[in-house]
Amino acid sequence: MAAHRVVTPGWHHGLMNIVLFHSTLGPRPAVRQAADRLREAGHQVWTPDLFEGRTFDTVEEGMAHQEEIGKEELLKRAVLAAAPYSERGLVYAGFSLGASVAQTLALGDHRSRGLLLLHGTSDIAANASVDDLPVQLHVAEPDAFETDDWLSAWYLQMGRTGADVEVYRYAGAGHLYTDPGLPDYDEEAAEATWRVALGFLDSLRAQDETAGAGDQTGE
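How each quantity is defined
Residues numbered from 1 in each chain as written. Predicted model: local features only at pLDDT ≥ 70, side-chain atom pairs only at ≥ 80, totals over all residues. Heavy atoms only, no water. Pairing = 2+ DSSP bridges. Helix = DSSP H or I, 4+ residues; strand = E, 2+ residues; numbered from the N terminus. Axes fitted to C-alpha atoms, helices over the stretch in contact; angles between N-to-C directions. Contact = heavy atoms within 4.5 Å.

Peer 1: Can you help me understand the sheet that holds strand E6 (residues 164-171) in this one?
Peer 2: If you walk across this open sheet you meet the 6 strands as E2-E1-E3-E4-E5-E6, and the pairing is parallel. Of all the strands in the sheet, the pair left with one neighbour each is strand E2 (44-46) and E6. Adjacent strand axes in the sheet meet at a mean angle of 15° when their direction is disregarded. Relative to strand E3 (residues 90-95), strand E1 (residues 17-21) runs parallel, the two sharing 5 bridges. If you follow Val19 over to E3, its bridge partner there is Tyr92. Where helix H1 (residues 29-40) meets the sheet, it contacts E1, E2 and E3, and its direction lies at approximately 165° from that of E1. Along the sheet, helix H5 (residues 148-161) contacts strand E4 (114-118), strand E5 (134-141) and E6; its crossing angle with E6, the most-contacted strand, is approximately 165°.

The following block contains the structure:
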């Protein structure tokens, strides 16, 4: 009998379970808008608040607050926020800082179904290993926070972990180009990003529906 994956609750019936982390600017309206867009596409979405309601208008202010909290505390908050839903098989997603948090959690969660990175990446542990984890990254070109040399090294290292990585670049866009409330906003790049990202989630949903059908038939 061929091996098959056991489909856990929440992986099928037309939805993906997504945890979406905010950027270093905090839980701005753009995060809620993005979550609403994902829900309209038929997905379940949670938007953890790692800053306890604080929002900022500049990256510098946000990074100062981030440093006050500390990396370990931020990750602890993120893990605790995602833990109640992780058994469902989460797609981890995030904006900039939130993308780096999402990456860390996804690489450490063997149940993770995918990783959607918007405007950011993170360091990769030397012993990180995944089984064909689908990963999609959307980032400006150029981006002072995600340089070409860094992204090249990141891409190769992610591949070595076993991830299946797609990278999309948007020439001339600002760093947080999907946030309509910021000077970085680029409507054309933002809409293109969401079209591709929603297609990515649809592909994950189709894979899980196929796996669910196989599990039911015992194939």
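Peer 1: In this structure, what is going on with the environment of Val31? I would like to understand it.
Peer 2: In this structure, Val31 sits in helix H1. Distance in space between the C-alpha atoms of Val31 and Phe95 is 8.4 Å, their sequence separation being 64 residues.

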